[in-house]
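# Per-entry structural report
Okay, here's what each chain looks like letter by letter:
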Amino acid sequence: PIAALRELHTARQIDPTRAESHYLTGFVYMGRHNYSEAVVNLRKALELKPKLYEARNALAACYMSLKRWRDAIDAVEPLLDDPLNPSPWLAHNNAGWSHFEIGNRNRAVHHLKTSVFLNGKFCLGLLNLGTVQKHYGQIDQARLYLEQARRKCPKHPPTLLQLGEVYEMLRRH
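Residues numbered from 1 in each chain as written. Predicted model: local features only at pLDDT ≥ 70, side-chain atom pairs only at ≥ 80, totals over all residues. Heavy atoms only, no water.

### Comments concerning the pattern of salt bridges
Applying the stated criterion across every chain, the model contains 5 salt bridges. Where Lys-44 meets Glu-47, a salt bridge forms, and the shortest distance between an N and an O atom there is 3.2 Å. Separated by 3 residues within a single helix, Lys-44 and Glu-47 lie in helix H3 (residues 35-48), roughly one turn from each other. For Lys-44, a relative accessible area of 29% translates into the label partly exposed. The shortest N-O distance in the salt bridge between Arg-143 and Glu-147 comes to 3.0 Å. Placement of both Arg-143 and Glu-147 in helix H9 (residues 139-152) is noted, with a separation of 4 residues, approximately one turn of the helix. Judged by its relative accessible area of 27%, Arg-143 falls in the partly exposed class. (Salt bridge = Lys/Arg side-chain N within 4 Å of Asp/Glu carboxyl O. Helix = DSSP H or I, 4+ residues; strand = E, 2+ residues; numbered from the N terminus. Buried < 20%, exposed > 50% of the residue type's maximum accessible area, 1.4 Å probe, protein only.)

If you want it as structure tokens, here you go:
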């Protein structure tokens, strides 16, 4: 990562208007969990190239890591209905989880359902939707989404504890 940051620093010195260099710098800082520095670079990338979709999603993810939920929603909002966005399920997932964190149930469920509709194999979307449904007491729905995640995502399944909790809740009802 240090070598990559050095190379990117050089690239930004040679051409400070190249948005992709700022994006990649932000991405490296994200990987190092230095979200504040990542935000600075990602915002600069978007200032230079507002349609750099990857940078916008990464910015939302940084804000989520910083628990800045409203900022995450604001960052990802332009991606939600943009027909050129190559990964709309990521934008809807980020919006959905951020809305969940601020207590906006309807918006959270809407965006998370949209994320799995757009990409039925999107493991994180299925897991998040199951988690949100469980949180709001929609146990049958939670079971459905968590079981789908377990089936479709063998490398990243929901934990057995998550499913066990849902099964126990169903048993008690």
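Read on, since the account is not over.
### Here's the deal with the side chain of Asn-128
By the secondary structure assignment, Asn-128 is in helix H8 (residues 123-135). Look at Asn-128 and you get buried, because its relative accessible area is 8%. Every residue in contact with Asn-128, bar those within four places of it in the chain, is listed here: Asn-93, Trp-97 and Leu-112. (Contact = heavy atoms within 4.5 Å.)

Keep in mind that these numbers describe shape and distance, not what the molecule does.
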